[in-house]
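Here's the letter readout for the chains.
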Amino acid sequence: MLCAHNCDLIAVMMQHPEKVSVPVYTAVDREIFLRAIYPRRSPAVLRGVSLGPCLDKWTVDYLREKGGDREVKVHVSPVPQMDFLRKNFLYRTLPFDVFVQRAAETKHSDFFISEEESYYLRSLGDDPRRDPADLRKQFPGLTEDFSIPEFFEPEQFFSCVFRISSCGLQLWTHYDVMDNLLAQVSGRKRVVLYSPRDAEHLYLSGDKSEVLDIDSPDLKQYPKFAKARRYECVLEPGDLLFIPALWFHNTLALQFGIGVNVFWRHLKAESYDKKDPYGNKDPVAAARAMQVLERALHALGELPPDYRDFYARRMVLRIQSCAYSPEPEVAAQGCSPTETLTASDTETSLPSSQISHQD
Ligand SMILES: O=C(O)CCC(=O)C(=O)O
């Protein structure tokens, strides 16, 4: 079933003529992924990778029966666009089978806020404060149905998370610190992504962007947002989206949707915060650097404004010259945004029949 958001999507696509479409690759196996796609550190849609029988089996009735009545903590929002700044949503606990039914329907007879409230599940581990989510542990009745693509070593595995959303549900723009494969099992989902290099244009509050309405942003309040390059794709059932660590992403369910995502460790295990069941705490060295920065800012605060300004600028220059990476070669050569991600670079390693773009 389609919902009104599909019409909105067409309008939005017309407003963003300069968006970059994420390339779609077909017939990708482990060898091709590791050789030709993964090293690019750019998002990619992988179409046709086997995800197991879930694609046929995971109907609402089947999920309710096999997923059972285990309690899950879900987001409930009166409007489809969740707002982490104004906290316009509630966390509520429901039996999984009841939650699935509510997320799949558009009008509810039982509800928390209103008949039209929206639901979102990001599944959690057994002890949510310590354990990462693992579908295989929390939903053993569904384990056999979903195959985790073998695109990384088993010891790199971090978590496997259920993502179930009402039609229209939009999750704010955020980044995670691990590499991610987001599998769309049923329903269509629009995903908008921004490069980590655009962090300065996204008005960050921790790991999230304060620009909630990415389709018609308030450019008076967020003028730099106009400079962020928008990458976009629409996931169809069966698609896998590779989201490299640190890439910002914003999801919009165009239909009631069931997805599963898998995070894996791309850095050495000791680089990550050990108390991070979600995979979104900054790596330990980055967290340490941020703390030192806070101390440096505190010290600058002891200076009169003109000295503070001068030394702050010197610090920025030092950071830029010592810690920024050079712009990627393609950008330095003056390629247009689409060219940086089109087949051109990969053609040497993948036949063009395996690559396409959504327009
Ligand atoms: O699919 C979604 O709703 C959100 C996905 C996401 O945020 C993730 O995979 O990290």
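These figures come from a predicted structure and were not determined experimentally.

**Considering the environment of Asp 215**
Phase 1 of the analysis: With respect to the helices and strands, the residue Asp 215 is situated in the loop between β12 (208-209) and β13 (231-235).
Phase 2 of the analysis: Asp 215 sits in the partly exposed class, given 19 other C-beta atoms within 10 Å.
Phase 3 of the analysis: With 23 residues separating them in the primary sequence, Asp 215 and Val 192 have C-alpha atoms 9.9 Å apart.

**What to know about the nonpolar core**
Phase 1 of the analysis: With 83 residues, the main nonpolar core has Val 45, Phe 99, Leu 193 and Leu 241 as its most contacted residues.
Phase 2 of the analysis: In this view, Leu 193 contacts Val 22, Pro 43, Tyr 231, Ile 243, Trp 247, Phe 248 and His 249; residues no more than four positions away in its chain are not counted.

**So, the environment of Val 98**
Phase 1 of the analysis: Relative to the helices and strands, Val 98 is located in helix α5 (residues 96-104).
Phase 2 of the analysis: In this structure Val 98 comes out as partly exposed when scored by C-beta crowding, with 15 C-beta atoms within 10 Å.
Phase 3 of the analysis: Here the alpha-carbon distance between Val 98 and Asp 69, two residues 29 residues apart in the chain, equals 7.5 Å.

**What to know about unusual backbone geometry**
Phase 1 of the analysis: Phi is positive for Lys 87, close to 45°, though the residue is something other than glycine.
Phase 2 of the analysis: With respect to the helices and strands, Lys 87 occurs in the loop between β4 (71-77) and β5 (90-95).
Phase 3 of the analysis: Its identity is not glycine, yet Leu 246 carries a phi of approximately 80°, on the positive side.
Phase 4 of the analysis: Positionally, Leu 246 belongs in the loop between β14 (239-243) and β15 (248-253).

**Here we look at the packing of helix α4 (residues 60-67) against α5**
Angle between the axes and distance between the axes: these two values describe a pair of packed helices.
Phase 1 of the analysis: One way to put it is that α4 packs onto α5 with a least axis distance of 8 Å and a crossing angle of 165°. For the element pair α4 / α5, the angle class is roughly antiparallel. Viewed along their axes, α4 and α5 form a crossing whose handedness is right-handed. Contact residues: Val 60, Leu 63, Arg 64 and Gly 67 in α4; Phe 96, Asp 97, Val 100, Gln 101 and Ala 104 in α5.
Phase 2 of the analysis: In terms of residue class, the contact of α4 with α5 is built from 5 nonpolar, 2 polar and 2 charged.

**Let's talk about the confidence of the model for the protein chain**
Phase 1 of the analysis: For the protein chain, mean pLDDT is 89; residues scoring 70 or higher make up 87% of the total.
Phase 2 of the analysis: Contacts from residues 330-348, a stretch scored under 50 in pLDDT, to residues over four places away or in other chains number 23 contacts.

Rules used throughout
Here the residue numbering is sequential within each chain, running from 1 through the sequence in written order. Totals for whole chains, interfaces and linings use all residues, but because this is a predicted model, local features are given only for residues with pLDDT of at least 70 and pairs of side-chain atoms are given and counted only at 80 or more. Secondary structure follows DSSP: runs of H or I at least 4 residues long count as helices, runs of E at least 2 residues long count as strands, and numbering of each begins at the N terminus. Residue burial is a threshold on neighbouring C-beta atoms within 10 Å of the residue's own C-beta, all placed from the backbone, with 20 or more meaning buried, 12 or fewer meaning exposed, and counts in between meaning partly exposed. By our criterion, buried Ala, Val, Leu, Ile, Met, Phe, Trp, Tyr and Cys residues that link up through C-beta atoms within 7 Å make up a nonpolar core. Residue pairs are scored as contacts if the distance between their C-beta atoms, which are placed from the backbone, is within 7 Å. What counts as an axis is a line fitted to C-alpha atoms, over the stretch in contact for a helix, and the angles between N-to-C directions run from 0 to 180 degrees. An angle below 35 degrees is read as roughly parallel, one above 145 as roughly antiparallel, one from 65 to 115 as roughly perpendicular, and any other as oblique. In this scheme the handedness of a crossing depends on how the near helix is turned from the far one: anticlockwise by less than a right angle means left-handed, clockwise means right-handed. Only Asp, Glu, Lys and Arg are considered charged in this grouping, and only Ala, Val, Leu, Ile, Met, Phe, Trp, Tyr, Cys and Pro are considered nonpolar; every other residue, Gly among them, is considered polar. What pLDDT conveys is the predictor's confidence in a given residue, as a value from 0 to 100.

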